[in-house]
Each structure stands twice: as structure tokens, then as C-alpha cells.
4 protein chains.
Amino acid sequence: MAQLSKKEAILEAALKLFAERGFDATTMPMISELAGVGAGTIYRYFESKEVLLNVLIVESLQAFAEALNQTGTGQRTTVREEFHLLFTGLFQFGKHRPNRLQLICSNANELYLDERSREEVTTFLSQILATISWGQEQGVIRKMPANALIAIVLGAFFQVSDAFRKGLLEESKELLDEIEDCCWNAVRIH
Amino acid sequence: MAQLSKKEAILEAALKLFAERGFDATTMPMISELAGVGAGTIYRYFESKEVLLNVLIVESLQAFAEALNQTGTGQRTTVREEFHLLFTGLFQFGKHRPNRLQLICSNANELYLDERSREEVTTFLSQILATISWGQEQGVIRKMPANALIAIVLGAFFQVSDAFRKGLLEESKELLDEIEDCCWNAVRIH
Amino acid sequence: MAQLSKKEAILEAALKLFAERGFDATTMPMISELAGVGAGTIYRYFESKEVLLNVLIVESLQAFAEALNQTGTGQRTTVREEFHLLFTGLFQFGKHRPNRLQLICSNANELYLDERSREEVTTFLSQILATISWGQEQGVIRKMPANALIAIVLGAFFQVSDAFRKGLLEESKELLDEIEDCCWNAVRIH
Amino acid sequence: MAQLSKKEAILEAALKLFAERGFDATTMPMISELAGVGAGTIYRYFESKEVLLNVLIVESLQAFAEALNQTGTGQRTTVREEFHLLFTGLFQFGKHRPNRLQLICSNANELYLDERSREEVTTFLSQILATISWGQEQGVIRKMPANALIAIVLGAFFQVSDAFRKGLLEESKELLDEIEDCCWNAVRIH
DNA sequence: TATGAATGAGTGTTCATTCAT
DNA sequence: AATGAATGAACACTCATTCAT
């Protein structure tokens, strides 16, 4: 409360609840209570529940993209190295911002996304696309529709993250390396 | 209507709506209208909206398991062949029962699952587990936690199915074969 | 309660409250309580609060027009006689349906009228217009814009009705005759 | 802003909004925005929204009474002349202070009037009453309850003013004279 | 003096559920 | 067995009012 502005408290509370329960199952009273603010206060900062969701989605996608960039910047070495940095970025993000990851993964929110959010999704994916294209040019990554490759790797990553979150799987350096290896094998040319 | 009992009509309507809109965004009046029955009639067959969801989840998981069994029965040949049958079963199911698949994939419903449904998930997964264990014994599949391998393959499959559903990817025999190959490479020992 | 359907009870309660307090100062809970129904029940019969108002306005205008017709039907005699019948009709209506009259007079509702209601107002006024035109043709009523004549007579009538309603004035046959005479003098040619 | 004190700015904004939209449909934020002051500032000058309304009503009634006095002062000539001055005063006021007139006419505010405002109404009417009594003594105005005569003339005037405001009637010297003549005919002895 | 962020009671409205028919 | 009218708790959201600055 001392270190968090009302707006931040609301965003944090909403993020947690949207991630855990989904958009429809989260009520404004829940958010206001968890944020420790009055019900009306939310509307001083966010026009509506939907706007609040979209702000969070855009924020989260940007944070996600940034997390990937941060690890991936610098001169290009090998495609495999790039893939490693990407994967590391994914898991770092999932570890530090589990709710943001959950929000992004959850398809349930799709109905409520506005134009801005949809664009942000495209922007985010374009970053991964670049790596894939480069790998294909280098003859290292399979010549398949990029969307399919992305779906395979991200799908695996999301599901694995979910397993971590639910405690079905215990995180360890070795396991993460193995999973990365699996995903790399999935898309590389043998 | 002629060939469908009231109960079946309700289940079908609810399945479609839960899959398309999600549990919370689906109202009982929507279901009763689509099913062509009175609002109160639903309660003659299902205690509550949640029970209705759980019945559908259990049904869907059983149908999913059955679909996998059906292709996979018969004498065991190779692990690769078994994997192929499993994958074929997954896609067959997604093609013929897209709503059931969508219902199963959607994490949004998690909150509302009862004990019975959770058990059914376990049952369903045990079938896949068996194949994995066998493959590991044979020295063909990586020695990793089974949950991780399942998450990788199912995650990829769900995400790919979603891409098909949204029209981001066009289904074709060749593409399916490629995707299967990707997934197999992900889990096999090289 | 026994003799009133829910819908009628709602209409009656809403009429009373809208007339006494105005549209904005009347809440749906007030209406549901006075009608003796649940809050949600109102929405089974009326889409929204605004629709409820408009239904009442149209109903009231039609009842008003009918009340004027009823007294005024039959062969035309003199303009004065027609005026008398009109005035009698106005007061009869105000006496038997004070709330409906109040609802019609109140300009506060203007903002919420839909197309249908606006048309009904026109229809209602056209009836009075006919009498005025006839009187002007006969050289008995002043040659002034009909809207002005209507405003004068109806304005006087509404204000007098209000005075009766508030008890500022005591109704009596003689007083009504005098008021009618005043209004007639206002518009006739001397 | 330069020439208007905060208090005056608030009163002016509130007058405009109450007149145009009604008391209930006007919000305090609307008033504060139009007045160019903070929301809380209103409460430094007026205890509540209701008090603000009542201040405006009293002010308006006093301005109205003053407007009538101004034209009517001086030695008495004839009753007809006095009536003319009264009528001129009414229309002058309506022309120069349309919002104040609208506020006074609107019955919708009745619910919120306090004792002070009610007294002011009486004070205001007493002025007109005086003229009427004098006319009746002179044998020029009908011997009817004064409230009835006031209702007739003011009712006609308010309704005509409304027609002007809505553009249903075009103002002109000739029309005003005619309307005055109508009203005079309504109350004079023939 | 003046502000506007903050509040929470209250608004119009929806909907899972019940029950008389 | 089947209905759909009825309910009232709960929803998203608003706004008169307060108060720390």
C-alpha cells in the first residue's frame, strides 16, 4: 500500500484475478477488494472492465517481448544459440511474471481484445517469426509454415509452464535444458 | 429435435456454447433456447450449470480416450507406429469433435471441475502415459518425466488445433504428417 | 393483487411514481416494491426503464385522445358546443386519470421519448387542431397560429389541473364552467 | 472566469444544466466542469445539490418578481394598462432569462423545494394577486378565485414560452400582442 | 481557498435457479 | 415430464459527497 499507487494496486489485483480465474469469472468487487480500494476508484483509472483487461494484455505482451529482446540482443551467432536465448527468455518471463504469462496464454480472453491488443499480439509474434525465418534461410530449421512452428514451440512451452504452475513438474536447470532440447529437435532439420 | 432427446439436446447446446463462449459467458437461457427446451427443463436433468459442465467434460474426455483407443487397439508393433496412431487419433478427434476438444483444452474451466472430472483427466492421461513408458523401456523415447513429455506433445497439438480452428493454418495431409514428425522428434532419442 | 396481473401492477406502479416524482427520480426498486413484484420481473415485460416510460406515455395519450373522442363524437353542432365537449373531455380525463394527465403534461420526460411516442403526441394534437381549423373557417375562432391557440388553452388547462391536484383550488361545477368560459373567451373572436 | 467569481460560475452552470436537463439528470461533475471549478469547490459554497437548486429557484423567483415590478412601477393608470405591463414583464423575463423561466416553470423540481423556496413562490404570486384584486374591485376582471385566474394566465404564458423555446412558434411583436389580447379576454369581464 | 482523488451506497440490469401449473 | 414466470442476489457502473493536500 505504501509503495503502490492505487492504479498499480488495481492493475496488480486485476492481473492476478484475471490470470487465475479468467475475465468473466472475475468481478469488479473482487478486484477492488484485493486492491484495497473502493469500487468506484477503479473507474477513475479504467473506463471499464474490458479496458482494464486490454491494458493488462498490452502491458504483458510488451513485457514479454522486452524479456525476449533483452536476452536476445547483441550480435547473432548461431541459430541454435538464438533459439537458446529465446527459450531462456520464455522461461525467465514465466518464472518472474507467471500471472502475465497466464494472461497471455489464456485463450478465454480472446473475445474481449480490442484492436490495440490484437496488434500487440502481432508485434510480439513478429519477433519470433524473424528468428524462424533466419533459421530457415540458414537451412537449420524445417521449411514449414512459420505459424505451425510457432504453435508447436509456444504450445509446448505454455503447457509445460502450466505443469510447473500446477506443481505437476518440478523445475530444475536440467529439466529446462532437456525441454529446450526437445523443442529444438521438434523444429530443426535432422 | 425428432431424433434427439431433451437431455441430448441440452448437452449438445451446452457443449457448443461452452466451447465457443466459455463457461461464464454462457447463460442458461442461451442453452435452453439453443436446445429448444424450457429454462426449467435443464434442471430436471442437471443439478446446476456447473454439473452440466462437468458432465460434458467427463463425456468429452471419455470420448477422447476412446478415440485414441480405437486407433491404437490391436497388437503392438513399434513405438513409432504407436505414436503415429496416437497422433492420428488426436487429430481425428479434433476434426470430428472440435467443440469437445476445445472444451478439454480450455484452461478457463479448471475452476469448476469437480473430483470426478479431475479423476477422468488422470484416467485419460494414464493411457498416454502407458505408451510413453513403453517407449522409454524400449529405449526409443527420452528418459524425461512423463508429464513433461505429455505437456510438450499435447501443448503443441492443442496450439496447432487452435491455429486450424482460427484459420491461421490450413489443414492438409502433408502438414499433419510434418507436425507429427516434429512432435516425434521432440520426444524420441536421437 | 388478485385482480391485477404482474404486468398491470408494474404499469400502475410506474405510472404513479413517474407522475409524482418524474422519470429520473423514480428508481426501478421503487417500482418493483410498489408493484409487489421482484426487481427482475419488470424486465420480463419491459426491456428497460425508458421503454416502460414510453409504453405509459403512448397508453396515456391514446386514453386521452379516446376520452376526447368519446364526448365529441356525433354530428357537429356549433363550434362553441364542440369546444364545450372538448373541455369537458379534458376535465373528465384529469379527474379519472390524474396520473396519466400528469405524465402527459410533465415536460421533464421529453428527453426520453422515442419515435413512437412523438408520433402519438402529434396524433393527439391533430385532433384538437381539427376543431380549431373548423372554428377558424366558421369565423368563430381567432385567426392565429393554431399552435399558439393550443398552447394557450392547454397551458391554462394543465395549470388549473395542477392547482386542483395540489388543493389550491376546489373543484365545482360552477368553477369548471367559468374556467371553460375564460378559455373560450381567450380564443374566440369578439 | 475573470469577471465571474467561483460562486457565480457555479450558479450559472447549474442554472443552465438544471433548466436544460432537469435536476436529476444533472450531475455535480457536469456542473463543476461547466463552471470550470473543482468538484469539491461547489461544496464550499453550497451544502448540497438540493441547496444549490433551491438557491437558484429563490434567486430566479426574485428576479422574476423584480422584472415584473420594474415594468409595473409608477402610478396606476388602468387595469388594462397594468395587465399589459405585467404581460410585457413576463415576456421580457422569458426572453432575457430563459433558463430562469424554465427552472421556475418546471414542475419536476417540486419534490426538492424547501420551505424558503415555497414561501418565495407565495411572495411572487402575491404580486400578481394584488393586480387581480384591484382589477376585480374596479369591476374589470372576472370575480373568480384568484388562483384560477393566475393559473389560466400563467399556464398559457408558460406553455406559449415553451412553444417559443422549442421553435414551434415564431416570436413577433404582432403575435405577442395577440397572445396578450387572448389572455386579457380570458380574465376580463365582457 | 480550492482541489480532485477516493469512496460506497445506490443505479439499472442480468441470470442461475425455483416452483406453480 | 415440461414449462416459463418469477425471484433476488449479484453484476458493472455512477455519482453525491468527503477530505487530505
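Along each chain, the written sequence defines residue order, and numbers are assigned to residues from 1. Each chain takes a letter, starting from A, and each ligand takes a number, starting from 1, following the order in which they are written. Only residues with pLDDT of 70 or above have their local features reported here, since the model is predicted, and side-chain atom pairs are shown and tallied only from 80 upward, although totals for entire chains, interfaces and linings are computed over all residues. Note that water and hydrogens are dropped before the side-chain values are worked out from all heavy atoms of the structure.

Some thoughts on the interface of chain A and chain B
Contact residues are listed per partner, giving 35 residues for chain A and 34 residues for chain B. Summed over both partners, buried area is the accessible surface (1.4 Å probe) that two parts give up on being assembled. For the pair chain A and chain B, the summed buried area comes to about 2900 Å², and 62% of that belongs to carbon and sulfur atoms. In terms of surface lost to chain B, no three residues of chain A exceed Arg142, Gln159 and Cys182 of chain A, which account for 17% of the buried area on that side. Salt bridges are defined as contacts in which a side-chain nitrogen from Lys or Arg sits within 4 Å of a carboxyl oxygen from Asp or Glu. Viewed at the interface, chain B and chain A are joined by six salt bridges. One salt bridge in this structure joins arginine 142 of chain B and aspartate 181 of chain A, with 3.0 Å as the shortest N-O distance. Counted as a polar contact is a pair of N or O atoms within 3.5 Å, where, for protein atoms, one must be capable of donating a hydrogen and the other of accepting one, and residues adjacent in sequence contribute only when both atoms are in side chains. Joining chain A to chain B, the criterion identifies nine residue pairs in polar contact (both at pLDDT 80 or more). The way it works is that DSSP assigns letters per residue, a run of H or I at least four long becomes a helix, a run of E at least two long becomes a strand, and they are numbered from the N terminus. Looking at which element gives the most residues to the side of chain A that touches chain B, the answer is helix H8 (residues 146–166) of chain A, with 11 residues. Here the residues of the side of chain A that touches chain B are counted per class, giving 18 nonpolar, six polar and 11 charged. Throughout, a contact is declared for two residues whenever any of their heavy atoms are within 4.5 Å. In this classification, the charged set is Asp, Glu, Lys and Arg, the nonpolar set is Ala, Val, Leu, Ile, Met, Phe, Trp, Tyr, Cys and Pro, and all remaining amino acids, among them Gly, are polar.

Comments concerning the protein's contact with DNA strand F
As a structural note, the neighbourhood of DNA strand F is formed by 32 residues, with Thr41 and Tyr45 of chain B, Thr41 and Tyr45 of chain C together with Met28 of chain D the closest of them. The rule for a residue being near a molecule or strand is that one of its heavy atoms must lie within 4 Å of it. Within 4 Å of the protein, the atoms of DNA strand F are drawn from sugar and phosphate moieties in a proportion of 68%. Glycine 38 of chain C places a polar main-chain atom, nitrogen or oxygen, 2.8 Å from a phosphate oxygen of DNA strand F. In this structure, a base nitrogen belonging to DNA strand F sits 3.4 Å away from a main-chain N or O atom of glycine 40 of chain C. Those elements giving two or more residues to the surface near DNA strand F turn out to be helix H2 (28–35) of chain A, helix H3 (42–45) of chain B, helix H3 (42–45) of chain C together with helix H2 (28–35) of chain D. Its residues assigned to classes, the surface near DNA strand F shows 12 nonpolar, 14 polar and six charged.

Examining the relation of the copies chain A and chain B
Least-squares superposition of the copies uses the C-alpha atoms of those residues scoring a pLDDT of at least 70 in each of them. Once turned by 178 degrees and shifted 0.1 Å along the axis, chain A lies on chain B with an RMSD of 0.4 Å. Here the symmetry operator amounts to a two-fold rotation axis. Here 97% of the contact residues of chain A are again contact residues in chain B; the copies associate through an equivalent surface.

A few points about helix H9 (residues 173–187) of chain D
Think of an α-helix as 3.6 residues a turn; residues three or four steps apart then line up on the same face. The end-to-end C-alpha distance of H9 of chain D, which contains 15 residues, comes to 22 Å, matching closely the 21 Å that a straight helix rising 1.5 Å per residue would cover. Looking at H9 of chain D, one finds that the buried residues are Leu175, Ile179, Glu180, Cys182, Cys183, Trp184, Asn185, Ala186 and Val187 of chain D. How far a helix is expected to stretch is found by multiplying one less than its residue total by 1.5 Å. Summary of the burial criterion: residues with accessible area below 20% of their type's maximum are buried, those above 50% are exposed, and those between are partly exposed, where the area comes from a 1.4 Å probe applied to protein chains only.

Remarks on the interface of chain D and chain C
Between chain D and chain C, the residue contacts involve 34 residues of the former and 36 residues of the latter. Across the chain D to chain C interface the summed buried area is about 2900 Å²; carbon plus sulfur atoms make up 62%. Summed over the three residues of chain D that lose the most area to chain C, namely Arg142, Gln159 and Cys182 of chain D, the buried surface amounts to 17% of that side. On inspection of chain D and its partner chain C, the count reaches six salt bridges. A salt bridge links arginine 142 of chain D to glutamate 178 of chain C, with the shortest nitrogen-to-oxygen separation between them at 3.0 Å. Linking chain D with chain C are nine residue pairs in polar contact (both at pLDDT 80 or more).

Re the packing of aromatic side chains
All names here are of chain A. The aromatic pairing rule takes the rings of Phe, Tyr and Trp, using the six-membered ring of Trp, and pairs them if the centres are within 6.5 Å, calling planes under 30 degrees apart stacked, those over 60 edge-to-face and the rest tilted. Following the criterion strictly, the structure yields 44 aromatic pairs over all chains and no others. Members of the aromatic cluster, joined through ring pairs, are Phe83, Phe87, Phe91, Phe157, Phe158, Phe164 and Trp184. Above the face of the phenylalanine 23 ring, lysine 49 is positioned so that its terminal group lies 4.5 Å from the ring centre. Ring-over charges, as used throughout, are those where CZ of Arg or NZ of Lys falls within 6 Å of the ring centre and within 35 degrees of the ring normal.

Some remarks on the protein's contact with DNA strand E
Taken together, 32 residues lie around DNA strand E, and Thr41 and Tyr45 of chain A, Met28 of chain B together with Thr41 and Tyr45 of chain D are the ones closest in. By atom count, sugar and phosphate contribute 68% of the portion of DNA strand E lying within 4 Å of the protein. Tyrosine 43 of chain B places a polar side-chain atom, nitrogen or oxygen, 3.0 Å from a phosphate oxygen of DNA strand E. Of all the elements in the fold, those that place two or more residues in the surface near DNA strand E are helix H3 (42–45) of chain A, helix H2 (28–35) of chain B, helix H2 (28–35) of chain C together with helix H3 (42–45) of chain D.

Points about the UniProt feature "DNA-binding region" (unreviewed entry) in chain A
UniProt positions are given in the numbering used here, feature names are shortened, and annotations may be inferred rather than shown by experiment. Sites flagged by UniProt as "DNA-binding region" (unreviewed entry) map to residues 27–46 of chain A. With 60% helix and 0% strand, residues 27–46 of chain A has its two end C-alpha atoms placed 14 Å apart.

Thoughts on the relation of the copies chain D and chain C
Copies of the same chain, two in number, are related to each other by a rotation about an axis and a translation along it. Rotating chain D by 178 degrees and translating it 0.1 Å along the rotation axis places it on chain C, where the RMSD comes to 0.4 Å. Both copies share a contact surface, since 100% of the interface residues of chain D are interface residues in chain C too.

Structural notes on the arrangement of the chains
No part of chain A reaches chain D; the closest C-alpha pair between them is 13 Å apart. Contact between chain B and chain D is absent, and the least distance between their C-alpha atoms amounts to 33 Å.

Things to note about the domain arrangement of chain A
Interface size is commonly expressed as the accessible surface area that is lost when the partners come together. Residues and elements named next belong to chain A. Domain boundaries shown here were taken from an automatic or database domain assignment. Assigned domains of chain A: these are domain 1 (1–46) and domain 2 (49–187). Between the C-alpha centres of domain 1 and domain 2 there is a distance of 26 Å. Each side of the interface is counted separately: domain 1 has 14 residues, and domain 2 has 14 residues. Taken together, both faces of the contact between domain 1 and domain 2 bury some 1400 Å²; the carbon and sulfur share is 77%. Area buried by domain 1 at its contact with domain 2 is led by Leu15, Phe18 and Phe23, which between them contribute 44% of it. Our count for the contact surface shared by domain 1 and domain 2 stands at zero salt bridges.

Topic: the side chain of glutamate 120 of chain A
All names here are of chain A. Along the chain, glutamate 120 turns up in helix H7 (residues 115–137). Under the relative-accessibility criterion, glutamate 120 is labelled buried at 11%. Sequence-distant contacts of glutamate 120, defined by excluding residues within four places in its chain, comprise Val58, Leu61 and Gln62.

Some points on the pattern of salt bridges
Applying the stated criterion across every chain, the model contains 44 salt bridges over all chains. Through salt bridges that share partners, Glu110 of chain A together with Asp162, Arg165 and Lys166 of chain B make up one connected network.

Points about the packing of helix H1 (residues 6–21) of chain D against H2 of chain D
Residue and element names in this part refer to chain D. Inter-axis angles, ranging from 0 to 180 degrees, are taken between N-to-C directions of lines fitted to C-alpha atoms, where helices are fitted over the stretch in contact. Packing of H1 against H2 brings their axes to within 8 Å, and their N-to-C directions diverge by 130 degrees. Regarding the angle of H1 to H2, the classification is oblique. Seen from above, H1 lies across H2 with right-handed handedness. In contact with Ala9, Ile10, Ala13, Ala14, Lys16, Leu17, Phe18 and Arg21 of H1, H2 contributes Met30, Ile31, Leu34 and Ala35. Oblique is the label for any angle not under 35 degrees, not over 145, and not in the 65 to 115 range, which are roughly parallel, roughly antiparallel and roughly perpendicular in turn. In a left-handed crossing the near helix is turned counterclockwise from the far helix by less than a right angle, and in a right-handed crossing that turn is clockwise.

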